[in-house]
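# Understanding the architecture of this molecule
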Amino acid sequence: MYGLLIVDDERNIRTGLKGMIEREYPSKFSIRLAAGGSEALELYRGEKADIIITDIRMPGMDGLELIQELNREALPPAFMILSGYDDFQYAKEAITYKVREYLLKPIVREELHQALNRITGELQQIQALNREREEMSKHREEHAADQLNYIFLHPDLPEFEIKRRVAKAGLQFFNQPYFTAVMKGEQQQNNVLKKLWSEYFNHDHSICFEDKDQNLIVITSDEAAFPAFTEHQHDKRLLVWIGISAKTAGPGQVKYSYIQAKQALKYKILQTKPGTALFYYSDIHYLSIPQELPEEKIRRLANLLGTGRKQEIQELWHEIMDLQEIKRNAISYLENLSRLLNELVFDQVFTSYGEASVEILKSYKKIGYLYHNETISCYIHDVGDLLLRLDGYIKDIKDAHIGHAEMKAAIDYIGQNYDKPLNMATVSNHVSLNYSYFSETFKHVTGMSFVPYLKKVRIDKAKSLLEGTHWKVYEIAEQVGFENVKQFNRVFRELEGNSPMEYREKVWLHSSN
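It should be emphasised that the depicted structure is a prediction, and the values quoted were computed from it without experimental measurement.

Inspection of the entire model under this criterion finds 28 salt bridges. Here Lys18 makes a salt bridge to Glu22, at a shortest N to O gap of 3.0 Å. Here Lys18 and its partner Glu22 are both found in helix 1 (residues 11–24), four residues apart, which amounts to about one turn of the helix. Classification of Lys18 by relative accessible area gives partly exposed; the value is 25%. When the shortest N-O distance is used, the salt bridge between Glu295 and Arg299 registers 2.8 Å. With Glu295 and Arg299 both in helix 10 (residues 295–304), this residue pair falls four residues apart, about one helical turn. Its relative accessible area of 34% is what places Glu295 among the partly exposed residues.

Approximately 780 Å³ is the volume attributed to the second largest pocket. The wall of the second largest pocket is formed by 25 residues, among which Lys184, Asn215, Leu265, Tyr369 and Tyr371 lie closest to the centre. Contributing elements (two or more residues each) for the lining of the second largest pocket: strand 6 (179–185) and helix 9 (254–266). Considering only residue class, the lining of the second largest pocket consists of eight nonpolar, nine polar and eight charged.

Strand order in this open sheet of five strands is 7-8-6-9-10, and the pairing throughout is mixed. Two strands bound the open sheet, and with one partner strand each, they are strand 7 (206–210) and strand 10 (278–280). Each strand axis lies, on average, 20° off the axis of its neighbour in the sheet, ignoring direction. Its contacts with the sheet place helix 9 against strand 6, strand 8 (216–220), strand 9 (240–244) and strand 10, and it is angled at close to 35° to strand 6.

So, on to unusual backbone geometry. For the bond running from Lys105 to Pro106, omega is -5°, close enough to zero to count as cis. By the secondary structure assignment, Pro106 is in the loop between strand 5 (101–104) and helix 5 (109–153). Its identity as a non-glycine residue notwithstanding, Gln214 has a phi of 65°, on the positive side. With respect to the secondary-structure elements, Gln214 resides in the loop between strand 7 and strand 8. Even without a glycine there, the phi angle at Ser432 is positive, about 60°. Relative to the helices and strands, Ser432 is located in the loop between helix 17 (424–430) and helix 18 (435–446).

Right, let's talk about the packing of aromatic side chains for a bit. Per the counting criterion, the structure on display carries 17 aromatic pairs. Judged by centre distance (5.3 Å) and plane angle (55°), the ring pair of Phe482 and Phe488 falls under tilted. Owing to a relative accessible area of 8%, Phe482 belongs among the buried residues under this scheme. For Phe488, a relative accessible area of 0% gives the class buried. Through a chain of ring-to-ring contacts, three or more aromatic side chains come together here, namely Phe438, Phe442, Phe450 and Tyr453. When the ring centre of Tyr150 is taken as reference, the NZ or CZ atom of Arg165 above it lies at 3.7 Å. The ring of Trp241 has Lys268 sitting right over it, with the charged end atom 4.4 Å from the ring centre.

The next point concerns the packing of helix 16 (residues 405–417) against helix 18. Contact geometry of helix 16 with helix 18 gives a least axis separation of 10 Å together with a crossing angle of 80°. Comparing the axis directions of helix 16 and helix 18 gives the class roughly perpendicular. Each of Met407, Ala410, Ile411 and Ile414 in helix 16 lies in contact with helix 18, whose residues at this interface are Phe438, Thr441, Phe442, Val445 and Thr446. Tallied by class, residues from the contact of helix 16 with helix 18 come to seven nonpolar, two polar and no charged.

Take Asn342: it is sitting in helix 13 (residues 331–353). Given a relative accessible area of 13%, Asn342 falls into the buried group. Not counting chain neighbours up to four residues away, the residues in contact with Asn342 comprise Asp347, Tyr364 and Gly368.

This part is about the sheet that holds strand 2 (residues 29–34). On the basis of which strands lie adjacent, the open sheet formed by five strands has the order 2-1-3-4-5 and parallel pairing. Edge positions in the sheet fall to strand 2 and strand 5, since each of these pairs with one other strand and no more. Each neighbouring strand pair of the sheet contributes to a mean axis angle of 20°, computed without reference to strand direction. Sheet topology places strand 1 (residues 2–7) next to strand 2; six bridges connect them, and they run parallel. Looking at strand 2, one finds that Ile6 is bridged to Leu33. Relative to strand 2, helix 1 is tilted by about 175°, and along the sheet it contacts strand 1, strand 2, strand 3 (51–55) and strand 4 (78–83).

With that settled, the discussion passes to the environment of Leu82. Tracing the backbone shows Leu82 in strand 4. Note on Leu82: relative accessible area 1%, which makes it buried. Along the primary structure Leu82 and Arg309 are separated by 227 residues, whereas in three dimensions their C-alpha atoms are 88 Å apart. Beyond its immediate chain neighbours, meaning those up to four positions away, Leu82 contacts Asp8, Leu17, Ile53, Thr54, Asp55, Ile56, Leu103, Lys105 and Ile107.

Rules used throughout
- Residues numbered from 1 in each chain as written.
- Predicted model: local features only at pLDDT ≥ 70, side-chain atom pairs only at ≥ 80, totals over all residues.
- Heavy atoms only, no water.
- Salt bridge = Lys/Arg side-chain N within 4 Å of Asp/Glu carboxyl O.
- Helix = DSSP H or I, 4+ residues; strand = E, 2+ residues; numbered from the N terminus.
- Buried < 20%, exposed > 50% of the residue type's maximum accessible area, 1.4 Å probe, protein only.
- 1 Å grid on protein atoms, 1.4 Å probe; cavity = no way out; pocket = protein on both sides within 12 Å on 5 of 7 lines; lining within 4 Å.
- Points joined across faces, edges and corners; volume = space filled by probe spheres on them.
- Nonpolar A, V, L, I, M, F, W, Y, C, P; charged D, E, K, R; others polar.
- Pairing = 2+ DSSP bridges.
- Axes fitted to C-alpha atoms, helices over the stretch in contact; angles between N-to-C directions.
- Contact = heavy atoms within 4.5 Å.
- Phe/Tyr/Trp six-rings, centres within 6.5 Å; stacked < 30°, edge-to-face > 60°.
- Lys NZ or Arg CZ within 6 Å of the ring centre and 35° of its normal.
- Parallel < 35°, antiparallel > 145°, perpendicular 65-115°, else oblique.

Okay, structure coming up:
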């Protein structure tokens with residue numbers, strides 16, 4: 001369906017034309033009406049039209065002024081002029097504005113239909129040609145992206161091979177100064193950002209594609225495009241962060257500019273508040289990497305966990321994460337701090353004490369990778385919170401291990417109440433221990449988790465009854481705490497390798513011999 005805008009200051013002509021067109025083409029056109037050039041321009045700006053039929057002489061903005069204004073558009077509509085004057089001067093001026101058709105009033109139905117058929121036929125050809133060009137452009141872009149990604153993935157590729165692949169991709173603007181950028185938007189925004197970049201910036205002087213890590217990469221000769229693009233996204237309420245390489249020239253430098261852009265984008269985490277959008281390599285390339293890390297402090301931090309000295313842990317953590325020191329150095333200093341913290345603190349905790357509660361483990365998986373965090377402030381806060389939670393967890397574990405009185409009470413309670421409905425929450429509450437560290441401590445003391453231990457106690461009691469009584473199997477199942485005989489049979493076979501009846505027969509046969 002084509003969008004059609006009819007512009008005439010006479011209401012009868014507007015509505016008459018609309019009726020003539022809709023009768024001949026009931027579903028081909030979506031028609032809107034305007035009483036003058038200014039109204040038509042406002043309607044067009046709100047929703048574009050494919051075809052505009054306009055009178056020439058109208059109060060205010062006339063038809064030729066309207067056409068002149070809309071011809072400034074990147075893709076102007078097709079124009080058809082109506083005139084009550086057989087005046088060659090109008091026709092001549094209309095030709096200079098690339099008007100497709102010129103009809104005299106009163107409008108002859110057949111001439112109107114023929115003119116519309118010619119225009120829509122031309123539009124179909126243009127649309128087909130545009131689709132073909134888009135396909136060709138898409139194919140060229142995909143081929144260029146493949147070549148560039150190959151270069152990015154092979155850091156030892158010699159320069160002559162890089163030049164050959166860039167030439168093969170047809171990226172001529174690489175011979176001029178250019179910038180490489182890595183864009184990061186909110187989740188699943190790459191397609192939106194790529195489309196918007198393609199709509200607003202020159203294809204001949206830029207390329208936009210995804211690398212193998214799903215980062216959105218832009219290479220362009222227009223440095224001013226980046227602030228303009230972020231401003232445009234801000235207006236659309238989209239968040240985007242862009243790391244931008246230094247200015248470079250020549251295809252042989254493209255992999256280095258890509259590395260620079262990725263490095264620049266890492267500095268996004270050093271914002272104390274989210275908001276900054278552009279990160280330039282030229283602003284950070286001079287930063288150095290210190291040779292020493294506060295390893296001794298990190299080891300001391302690890303040793304403090306489980307002591308309950310929370311204030312000391314917090315103070316030491318903030319000493320380690322000295323923001324002034326971090327910002328004075330290259331980002332690799334912060335990366336190495338995070339790596340050392342994982343190795344000397346968190347990995348050691350989970351090796352020594354097993355996996356902590358689900359919530360603690362979730363926190364570690366999130367902050368264990370530095371760049372999962374939006375800002376350095378978020379990272380410092382979340383790691384500090386995790387350290388305090390681990391301190392409490394380890395302290396509880398140590399307290400429980402020092403004297404196994406609580407565990408002995410728990411085991412005695414199970415031995416006395418195995419025939420009743422039991423679960424770990426019931427037993428941990430009975431001995432007044434936290435559910436999470438009760439689970440770990442119970443496993444440490446008994447060598448097995450709670451559920452397998454309870455099954456073993458019940459089956460051991462059942463074996464005694466099978467050996468020493470003539471009770472039915474279902475009676476024994478009930479006596480040792482199973483909900484039904486089917487469950488009892490399944491668990492018994494799982495632990496003993498045979499059924500309760502087979503076990504009884506085997507024991508009685510052996511005793512009779």
